[in-house]
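An overview of the molecular structure
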Amino acid sequence: MAQTATAAPAADPRAAVVCVRAEKGGRRPLTFSGKLVGKRPQPGEFKLPLTPGSDVCNNLLRSKIATWSLEVTTSGFTACALPAPEFGQRVTYSAKVSARGLMCKPIAKSPIGTWK
């Protein structure tokens, strides 16, 4: 007899997805950037402009010899450092400029499923 199981897709440990959503109403241009930091130069560096109200995402691939450094920046303010997510996860952050400075916080997290 065959059993049918409907299990949720397992998280894939080879990649992660990080998204940043700029809050509407900000007057300063925000940039989401990241790079692999290791003992030698690594591919994968990116710098993406953020559009208020929409998600800007980037796929992060696992590296055995480097770690991801992620941040949101704007001129005149200290950058927000974003912690790299667990691989197999999709994390969305909110980015906002206020009188107190540039603030970033996680607003959603979910598994990304398996590679096809």
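Let me begin by describing the structure that accompanies this report. (Residues numbered from 1 in each chain as written. Predicted model: local features only at pLDDT ≥ 70, side-chain atom pairs only at ≥ 80, totals over all residues. Heavy atoms only, no water.)

Our next topic: the layout of surface pockets. Empty space within the largest pocket amounts to approximately 170 Å³. Sort the elements by how many residues they give to the lining of the largest pocket and strand β7 (residues 89–98) lands first, with three residues. Split by residue class, the lining of the largest pocket holds eight nonpolar, three polar and four charged. (1 Å grid on protein atoms, 1.4 Å probe; cavity = no way out; pocket = protein on both sides within 12 Å on 5 of 7 lines; lining within 4 Å. Points joined across faces, edges and corners; volume = space filled by probe spheres on them. Helix = DSSP H or I, 4+ residues; strand = E, 2+ residues; numbered from the N terminus. Nonpolar A, V, L, I, M, F, W, Y, C, P; charged D, E, K, R; others polar.)

A word on the pairing of strand β1 (residues 15–22). Here β1 lies mainly inside the structure; seven of its eight residues are buried. The pairing of β1 with strand β4 (residues 55–61) spans seven bridges and is classified as antiparallel. Counted as the bridge partner of V18 is N58 from β4. The pairing of β1 with β7 spans six bridges and is classified as parallel. The residue of β7 that forms the bridge with R21 is S94. (Buried < 20%, exposed > 50% of the residue type's maximum accessible area, 1.4 Å probe, protein only. Pairing = 2+ DSSP bridges.)

Here we come to the packing of aromatic side chains. In this description, an aromatic ring pair is defined by two values, namely the gap between the centres and the angle between the planes. Overall, the coordinates contain two aromatic pairs when judged by the stated rule. Their ring planes at 70° and their centres at 5.1 Å tell us that F32 and F46 sit as a pair that is edge-to-face. Separated by 14 residues along the polypeptide, F32 in strand β2 (residues 31–38) and F46 in strand β3 (residues 46–49) bring together distant segments of the chain. With a relative accessible area of 0%, F32 lands in the buried category. Owing to a relative accessible area of 10%, F46 belongs among the buried residues under this scheme. Considering the side-chain rings of F46 and W68, the 6.2 Å spacing of their centres and the 50° angle between planes classify their relative orientation as tilted. Of this pair, F46 sits in strand β3 while W68 sits in strand β5 (residues 66–73), placing them 22 residues apart in sequence. Using a relative accessible area of 12% as the deciding quantity, one classes W68 as buried. In textbook terms, an aromatic cluster arises when at least three aromatic residues are bridged by ring pairs, as seen for F32, F46 and W68. (Phe/Tyr/Trp six-rings, centres within 6.5 Å; stacked < 30°, edge-to-face > 60°.)

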